[in-house]
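Listed below, chain by chain, are the residues.
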Amino acid sequence: DLITKTDRASASSGKLSRADSAALKKGLAALADVKIEDGDEDDDNKKANYYKKVKAFVDAYNNTIDEGSSSQNSSISSAAKKMKKLTSKYADKLKNFGITESDGGYLKYNSFSSSMSLKSYDKMLGADSEYSKELSKLASQMNRHIDVTA
């Protein structure tokens, strides 16, 4: 795992891109696996756990964009551009959930929006979300074109 800055600094671009795009897919899958049930809105532990998963997704997205945008591989940099474009398309909706987009296409998770229900988060980031489905496809596309020896 390329978690620490030291590990990331010494890793090849290919290894970083592979790890980051895999982490993004894993983060999306973790959000998709959450089952929101009646009564969960009042469960602080469930909310805290979901918050951590959203934060992990945002971090993985940013790392994937960072590595993908600087890649010399045109397929990878193209997938990163498409991810940014897709995220821009959903920026207004994401903002309602405390997730904002910067000019560089990165995401920032400001806070868990108490005005939005867990079910609303699930609609935006869960298994049936068009945004999540498209983002996962792009992460897979990126991962297929990575040369880990680079």
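Up top is the structure.
Keep in mind that this is a model prediction, so the values were computed, not measured. (Residues numbered from 1 in each chain as written. Predicted model: local features only at pLDDT ≥ 70, side-chain atom pairs only at ≥ 80, totals over all residues. Heavy atoms only, no water.)

A. Local environment of the overall build of the protein chain. In terms of helices and strands, the protein chain carries seven helices and two strands. In terms of overall size, the protein chain behaves like a compact globule, its C-alpha atoms giving a radius of gyration of 15 Å where 150 residues would be expected to give roughly 15 Å. With the C-alpha coordinates of the protein chain rotated into their principal frame, the extents come out at 50 × 30 × 25 Å. Counting only residues that meet the buried cut, the protein chain has 41% of its 150 residues in that class. Look at the contacts in the protein chain between residues 6 or more apart in sequence, and 63% of them connect residues 24 or more apart. Treating the 25 positive side-chain charges of the protein chain as one cloud and the 22 negative ones as another, the clouds have centres 5 Å apart. (Helix = DSSP H or I, 4+ residues; strand = E, 2+ residues; numbered from the N terminus. Rg over C-alpha atoms; globule rule 2.2 N^0.38 Å. Buried < 20%, exposed > 50% of the residue type's maximum accessible area, 1.4 Å probe, protein only. Contact = heavy atoms within 4.5 Å. Lys, Arg positive; Asp, Glu negative; His and termini not counted. Charge placed at Lys NZ, Arg CZ, Asp CG, Glu CD.)

B. Summary view of the pattern of salt bridges. A complete count under the given rule lists three salt bridges for this structure. Residue E130 is joined to K133 by a salt bridge in which the shortest nitrogen-to-oxygen separation is 3.8 Å. With E130 and K133 both in helix α7 (residues 130–144), this residue pair falls three residues apart, about one helical turn. Judged by its relative accessible area of 45%, E130 is partly exposed. The exposure class assigned to K133 is partly exposed, which follows from its relative accessible area of 36%. (Salt bridge = Lys/Arg side-chain N within 4 Å of Asp/Glu carboxyl O.)

C. Local environment of the environment of M124. Along the chain, M124 turns up in helix α6 (residues 118–125). Residue class for M124 comes out buried when judged on its relative accessible area of 7%. For the pair M124 and L94, spaced 30 residues apart in sequence, the C-alpha separation works out to 7.7 Å. What M124 contacts, discounting residues up to four positions off in sequence, is Y90, K93, L94, F97, S129, Y131 and S132.

D. Region of interest: α7. Its 15 residues place the ends of α7 21 Å apart at the C-alpha level, agreeing with the 21 Å of an ideal helix rising 1.5 Å per residue. Y131, S132, L135, S136, L138, A139, S140, Q141, M142 and N143 are the residues of α7 that are buried. As for α7, its buried residues are in contact with α2 (13–33), α3 (44–69), α4 (74–89), α5 (91–95), β2 (107–109) and α6. Regarding α7, its N-cap is S129, as a side-chain oxygen of that residue lies 3.2 Å from the backbone nitrogen of Y131 further along. (Expected span 1.5 Å × (residues − 1). Polar contact = N/O pair within 3.5 Å; in protein donor to acceptor, adjacent residues only side chain to side chain.)

E. Region of the structure containing the packing of α4 against α7. At a minimum axis separation of 9 Å, α4 and α7 run at an interaxial angle of 170°. Here α4 is positioned roughly antiparallel relative to α7, judged by the angle of their axes. In this structure, α4 uses I76, A79, A80, K82, M83, L86 and T87 to contact α7, whose residues at the interface are Y131, E134, L135, L138, A139, Q141 and M142. Here the contact of α4 with α7 is composed, by residue class, of 10 nonpolar, two polar and two charged. (Axes fitted to C-alpha atoms, helices over the stretch in contact; angles between N-to-C directions. Parallel < 35°, antiparallel > 145°, perpendicular 65-115°, else oblique. Nonpolar A, V, L, I, M, F, W, Y, C, P; charged D, E, K, R; others polar.)

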